[in-house]
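Okay, here's what each chain looks like letter by letter:
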Amino acid sequence: MQAVAAELETVLDHVLPADDVPERPVLDAMRYASLGGGKRLRPFLLLNAALLFGVSRQAALRAAAAVEMVHCYSLVHDDLPCMDDDDLRRGRPTCHRQFDEATALLAGDALLTGAFEVLAEEATHPDPLVRAELVRELALAAGGRGMVGGQMMDLLAPGLDLDMAGITRLQQMKTGRLIRFSCEAGAIMGKAALAQRHALAAYAHDLGLAFQIADDLLDVEGSADQVGKRVGKDADAGKATFVSLLGADGARTQAAALADQACAHLEPFGDRAAALRAVAGFVIDRKV
Ligand code: GRG
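Residues numbered from 1 in each chain as written. Predicted model: local features only at pLDDT ≥ 70, side-chain atom pairs only at ≥ 80, totals over all residues. Heavy atoms only, no water.

Q: Give a description of the packing of helix H1 (residues 2-15) against helix H4 (residues 57-79) that names residues and reports values.
A: Orientation of H1 relative to H4, taken along the N-to-C sense of each, is 75°, at an axis distance of 9 Å. Our classification of the angle between H1 and H4 gives roughly perpendicular. Contacts from Glu7, Leu8, Val11, Leu12 and Val15 in H1 reach Arg57, Gln58, Leu61, Arg62, Ala64, Ala65, Glu68 and Met69 in H4. Here the contact of H1 with H4 is built from residues that sort into 8 nonpolar, 1 polar and 4 charged. (Axes fitted to C-alpha atoms, helices over the stretch in contact; angles between N-to-C directions. Helix = DSSP H or I, 4+ residues; strand = E, 2+ residues; numbered from the N terminus. Parallel < 35°, antiparallel > 145°, perpendicular 65-115°, else oblique. Contact = heavy atoms within 4.5 Å. Nonpolar A, V, L, I, M, F, W, Y, C, P; charged D, E, K, R; others polar.)

Structure, rendered in structure tokens:
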């Protein structure tokens, strides 16, 4: 993952504008929010899924940069005073703390739109139909029926009294859809057979839920120093989570079962999917 993170850094540095122009603060804020931090899980998934189908590494890294730009936008907006109102992200001041609220809002907007610019460029894929499908699928994953819809449910959650089915739906939209896009994008770029794409989508579905359960556990059991962001947020906000419904041990057992199930979906790819299998273990054992 560190090796992918280093490669991604170079691509992000290249695609993110850095001009000495009057509007420079927003460009600086975009770079601040997306360079030099994060686990780069989604880029790792995208790259390794793409490599299964012989996609060029450079092209896959561009699509990986696009998905990370959307992820970083979501973190910037999620941290704003009108959302979670957080001061710490990736172990550093949040974007609106480092700059100001308006600049952070605009930086998030520009990261989101910039992601589609990157996907639409020929260097990402020679086939315009593939580029169009990447754009459409990322829009679906990030929009009102995906991440944004999940975030809306999350804001409403303290008043919703969600059960397991409700929390699962919320999390699948809020974090799961972007993870699923990351895995499916590799199949789209490699023009994979539908069955192979479905196998990756099923893997991503289970991995995304395992990832979210681990996130809920870190929110309860981790420290801000360790995780790089404020913890205890869900309990403070009175939100039901996988941990509040299943208990910490029950949540750990469920995350492990989901990680195993995720790996089982990779069976058609044999040993070539070793990196994707390994990341399922990382996702549930992670400390950040
Ligand atoms: C504001 C439109 C909008 C959406 C925000 C994804 C999201 C929706 C908010 C993030 C808040 C959050 C802590 C969600 C829990 C799971 C999650 C996405 C954690 C952060 O992702 P990581 O752990 O972060 O991959 P790094 O920093 O490693 O990239």
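Q: I'd like a description of a nonpolar patch on the surface, backed by residues and values.
A: Among the surface-exposed residues, Met152, Leu155, Leu156 and Leu160 lie close enough to one another that they form a single nonpolar patch of about 350 Å² accessible area. For leucine 156, the position within the fold is in helix H8 (residues 147-156). Judged by its relative accessible area of 45%, leucine 156 is partly exposed. (Patch = residues over 30% accessible without salt bridge, like charges linked within 9 Å, V, L, I, M, F, W, Y side chains within 5 Å. Areas by Shrake-Rupley, 256 points an atom, 1.4 Å probe, with all protein chains shown as cover. Salt bridge = Lys/Arg side-chain N within 4 Å of Asp/Glu carboxyl O. Buried < 20%, exposed > 50% of the residue type's maximum accessible area, 1.4 Å probe, protein only.)

Q: Tell me what's going on with the site of the ligand, and back it up with residues and numbers.
A: Every one of the 20 residues lining the ligand counts as a neighbour, but Lys39, Arg42, His71, Asp78 and Arg90 are closest to it. At a separation of 2.8 Å, an oxygen atom of the ligand approaches a polar side-chain atom of arginine 42. Protein chains bury 94% of the 690 Å² of accessible surface belonging to the ligand in isolation. Breaking the shell around the ligand down by element, the ones donating at least two residues are H4, H8, helix H9 (164-189) and helix H10 (194-221). Considering each element in turn, the shell around the ligand owes the most residues, 6 residues, to H4. (Near = heavy atom within 4 Å. Polar contact = N/O pair within 3.5 Å; in protein donor to acceptor, adjacent residues only side chain to side chain.)

Q: Quick one: what's the story with helix H7 (residues 128-142), residue by residue and with numbers?
A: The terminal C-alpha atoms of H7, which comprises 15 residues, lie 21 Å apart, in line with the 21 Å expected from a rise of 1.5 Å per residue. Among the residues of H7, Val130, Arg131, Leu134, Glu137, Leu138, Ala141 and Ala142 are the ones counted as buried. Buried residues of H7, seen end-on, are gathered within an arc of 130° and therefore sit on one face of the element. Those residues of H7 that are exposed and angled more than 90 degrees off the buried face are Pro128, Leu129 and Arg136. N-cap assignment for H7: the residue whose side-chain oxygen lies 2.8 Å from the backbone N of leucine 129 is aspartate 127. (Expected span 1.5 Å × (residues − 1). Arc of directions from axis to C-beta.)

Q: Mind laying out H8, listing which residues take part and the relevant values?
A: All of the buried residues in H8 are Met147, Gly149, Gly150, Gln151, Met153 and Asp154. If you follow the buried residues of H8, they end up packed against H4, H7 and H9.

Q: I'd like to hear about the nonpolar core, residue by residue, with values.
A: Leu45, Leu46, Phe181, Leu200, Tyr203 and Leu207 are the most contacted members of the largest nonpolar core, which has 90 residues in total. Here this core gets 13 residues from one element, more than from any other, and that element is H4. Ignoring any residue separated from it by four or fewer positions in sequence, one finds leucine 46 in contact with Ala60, Ala63, Ala64, Val67, Phe181, Ser182, Ala185, Gly186 and Met189. (Core = buried A, V, L, I, M, F, W, Y, C linked by side-chain atoms within 4.5 Å.)

Q: Let's hear about the state of the cysteines: which residues, and what values?
A: In this structure the tally under the stated criterion is 0 disulfides. The cysteine cysteine 72 is free of any disulfide, with cysteine 95 supplying the nearest cysteine sulfur at 10 Å. Note on cysteine 72: relative accessible area 1%, which makes it buried. Cysteine 183 supplies the cysteine sulfur nearest to cysteine 263, a cysteine that is in no disulfide, at a spacing of 12 Å. (Disulfide = S-S within 2.5 Å.)

Q: Please set out unusual backbone geometry residue by residue, giving values where relevant.
A: Non-glycine residue aspartate 85 carries a positive phi angle of around 50°. Relative to the assigned elements, aspartate 85 resides in the loop between H4 and strand S1 (88-89). A positive phi angle, close to 50°, is found at aspartate 161, a residue other than glycine. Topologically, aspartate 161 is positioned in the loop between H8 and H9.

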